[in-house]
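Architecture and fold: a report
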Amino acid sequence: MSATSAETVPFGIYIHWPFCLSKCPYCDFNSHVANSVDHARWRTALRAELAAGAARHPGRTVGSVFFGGGTPSLMDPETAGALIDDIKTFWNVTDDIEITLEANPGTVEIDRFSAFAANGINRVSIGIQALNDRDLKFLGRLHSAEEAMRALDVATSVFDRFSFDLIYARPEHDPKAWRKELRQGLAIANGHISLYQLTIEPGTQFYTLHQRGELVVPDEDLATELYEITQEETQAAGYGCYEVSNHAKPGQESRHNLVYWRYGDYLGIGPGAHGREAIIQPDGTTVPTAVRRHRGPDIWLDRVEKAGNGTQEETVLDAKERLLEMVMMGLRLNETIPTARFERIIGKGPRDVLDNARLETLIGSGDLICDSAGLRTTDQGRNRLNGVLGYLFDPAV
């Protein structure tokens, strides 16, 4: 991809629906179990916060919308439809706008998927996570493997584009079993699949069990073997690893996630939603700003109903913060962070803003490439990205 095309990143919209039927033990997202939801009240609040965002960002062209959560497939399809209609009223949208809904297999019915499609959703991302009942139970999922397959069948019949997730490096995860399971998943995939290595996140049930020694994850050697199997099988099936955990056939990449990874601007609405917004000042200049909504659904709802938005914090990003974010996100991709992006975001090229001694060390070790086109990781560097970023940016190193 050329530097010029990489810089025409459309504006994105993220909409957070915080409610789930249950809390998965590995999940650190802002999700909440609720006995009942006043859908009309939530629809009104989400539309109000979207309208407030539109007033801050006039004249943008929206290329993607993502309904995340939580489990947004639990919302009324009419809520999604109303928000999509508002987006098309407030902004111009690209001809090929991507509008994705996250869904769990247990909440999938063909009539419900059809209703979401009728209301403007044109892509779904389904949280399968495993294709056998034993591991689904371990992961705290409410659906069975049979329900997962049915959900994929329904998605195939309703949507031209869909993706689904699998988690690997589970406790005692046998490489032969993972290869077989991954082949099964790739046989039914439709152009995009997300394959995440199980991570133990603070604040989750798995973290507590891991701290007690009651949950043991694969060691580094086994995790590396499972990762290598993942790359072998996806490549053999024609799925390129375009991002550390995401694989797609050409043209089927997640356009919305590319907004994040290419450091584009996006508006986040809903409780706990984050945005990265170029806020226009009275003199016409823009200030890159990180915006965070209040995490608590009840507090967020009360704030929106009183003030029109649930913003908790706005932070103007200085050059160092923008550089760190841009490089952290961009090096996840199997493409170059173009020099033009450095100049757009920071005002200087990569060698003018990065520690050149550390950069040369990482180039010499075969982890990074830095040339006139820009900066990128090699396959090796992307496989150990945390270490690469730590060395490049940690002042204590």
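Residues numbered from 1 in each chain as written. Predicted model: local features only at pLDDT ≥ 70, side-chain atom pairs only at ≥ 80, totals over all residues. Heavy atoms only, no water.

Here we look at helix α7 (residues 175–188)
Helix length check: α7 (14 residues) gives 20 Å between terminal C-alpha atoms against 20 Å at 1.5 Å per residue, within 8%. Taken together, the buried positions of α7 are Pro175, Trp178, Glu181, Leu182, Gly185 and Leu186. Viewed end-on, α7 has its buried residues packed into an arc of 135 degrees, placing them on one side of the element. Among the exposed residues of α7, those oriented more than 90 degrees off its buried face are Lys176, Lys180 and Ala187. Packed against the buried residues of α7 are β7 (161–168), β8 (192–197) and α9 (220–236). Put simply, Asp174 is the residue that caps the front of α7, since its side-chain oxygen is 3.2 Å from the backbone nitrogen of Lys176. (Helix = DSSP H or I, 4+ residues; strand = E, 2+ residues; numbered from the N terminus. Expected span 1.5 Å × (residues − 1). Buried < 20%, exposed > 50% of the residue type's maximum accessible area, 1.4 Å probe, protein only. Arc of directions from axis to C-beta. Contact = heavy atoms within 4.5 Å. Polar contact = N/O pair within 3.5 Å; in protein donor to acceptor, adjacent residues only side chain to side chain.)

What to know about the environment of His192
Within the secondary structure, His192 sits in strand β8. Residue His192 is classed as buried on the basis of its relative accessible area, which comes to 3%. Separated by 29 residues in sequence, His192 and Ser163 have C-alpha atoms that sit 5.0 Å apart. Once residues lying within four places of it in the same chain are set aside, the contact partners of His192 are Arg123, Phe162, Ser163, Phe164, Tyr239, Tyr242, Asn246, His247, Ala248, Gln252, Glu253 and Ser254. A polar contact is formed between the side chain of His192 and the side chain of Ser163, at a distance of 2.7 Å.

Focus on the nonpolar core
By size, the foremost hydrophobic cluster in this structure holds 55 residues, and its most contacted members are Ile13, Phe67 and Ile121. Counting residues per element, this core draws most heavily on helix α2 (residues 39–56), which supplies 5 residues. The residues contacting Ile121, other than those within four sequence positions of it, are Phe67, Ala80, Ile84, Ile99, Leu101, Phe116 and Phe159. Membership of the second largest hydrophobic core comes to 21 residues, among which are Tyr263, Ile337, Leu354 and Cys370. (Core = buried A, V, L, I, M, F, W, Y, C linked by side-chain atoms within 4.5 Å.)

Examining unusual backbone geometry
Backbone torsion omega between Gly69 and Gly70 reads 20 degrees, so that peptide bond is classified as cis. Looking at where Gly70 falls in the secondary structure, it is placed in the loop between β4 (61–69) and α3 (77–90). A positive phi angle is found at Gln129, which is not glycine, with a value near 75 degrees. Structurally, the position occupied by Gln129 is in strand β6 (residues 123–129). Overall, the relative accessible area of 7% leaves Gln129 in the buried class.

A few points about the confidence of the model for the chain
Averaged over the chain, the pLDDT score is 90; the fraction of residues at 70 or greater is 93%. Confidence drops under a pLDDT of 50 for residues 1–6, and excluding neighbours within four residues, the segment shows 6 contacts in the predicted structure. (pLDDT = per-residue confidence, 0-100.)

Here's the deal with the packing of α7 against α9
Geometry of a packed helix pair, given as the angle between the helix axes and the separation of the axes. Running from amino to carboxyl end, α7 crosses α9 at an angle of 30 degrees, the nearest separation of the two axes being 10 Å. When the interaxial angle is binned, α7 and α9 end up roughly parallel. When you trace α7 past α9, the crossing you get is right-handed. From α7, Pro175, Trp178, Arg179, Leu182, Arg183 and Leu186 reach across to α9, where they touch Leu222, Glu225, Leu226, Ile229, Thr230, Glu232, Glu233 and Thr234. Here the residues of the contact of α7 with α9 are counted per class, giving 7 nonpolar, 2 polar and 5 charged. (Axes fitted to C-alpha atoms, helices over the stretch in contact; angles between N-to-C directions. Parallel < 35°, antiparallel > 145°, perpendicular 65-115°, else oblique. Left-handed = near helix turned anticlockwise from the far one by under 90°. Nonpolar A, V, L, I, M, F, W, Y, C, P; charged D, E, K, R; others polar.)

Here's the deal with the pattern of salt bridges
Once their charged atoms are close, side chains differing in charge can pair, the charge on each being opposite to the other. The tally for this structure, following the rule as stated, stands at 24 salt bridges. Asp379 serves as the salt-bridge partner of Arg382, at 2.8 Å between the closest nitrogen and oxygen. Of this pair, Arg382 and Asp379 both sit in helix α16 (residues 379–383), separated by 3 residues, roughly a single helical turn. What makes Asp379 exposed here is its relative accessible area of 55%. One salt-bridge network, held together by shared partners, links Glu49, Arg56, Glu277, Arg293 and Glu314. (Salt bridge = Lys/Arg side-chain N within 4 Å of Asp/Glu carboxyl O.)

Some thoughts on the environment of Ala117
Its place among the elements puts Ala117 in helix α4 (residues 110–118). On the basis of relative accessibility, which here comes to 28%, the residue Ala117 falls in the partly exposed class. Distance from Ala117 to Val158, taken between C-alpha atoms, is 7.3 Å for residues 41 residues apart in sequence. Among all residues touching Ala117, those that are not within four sequence positions of it are Val158 and Phe159.

Thoughts on the pairing of strand β17 (residues 374–377)
With 2 bridges joining them, strand β15 (residues 337–338) and β17 adopt antiparallel strand pairing. Within β17, the position partnered with Ile337 by the bridge is Leu375. By the bridge criterion, 4 bridges tie strand β16 (residues 368–371) to β17 in an arrangement that is antiparallel. Looking across to β17, one finds that Leu368 is bridged to Thr377. What sits between the antiparallel neighbours β16 and β17 is a turn of 2 residues. (Pairing = 2+ DSSP bridges.)

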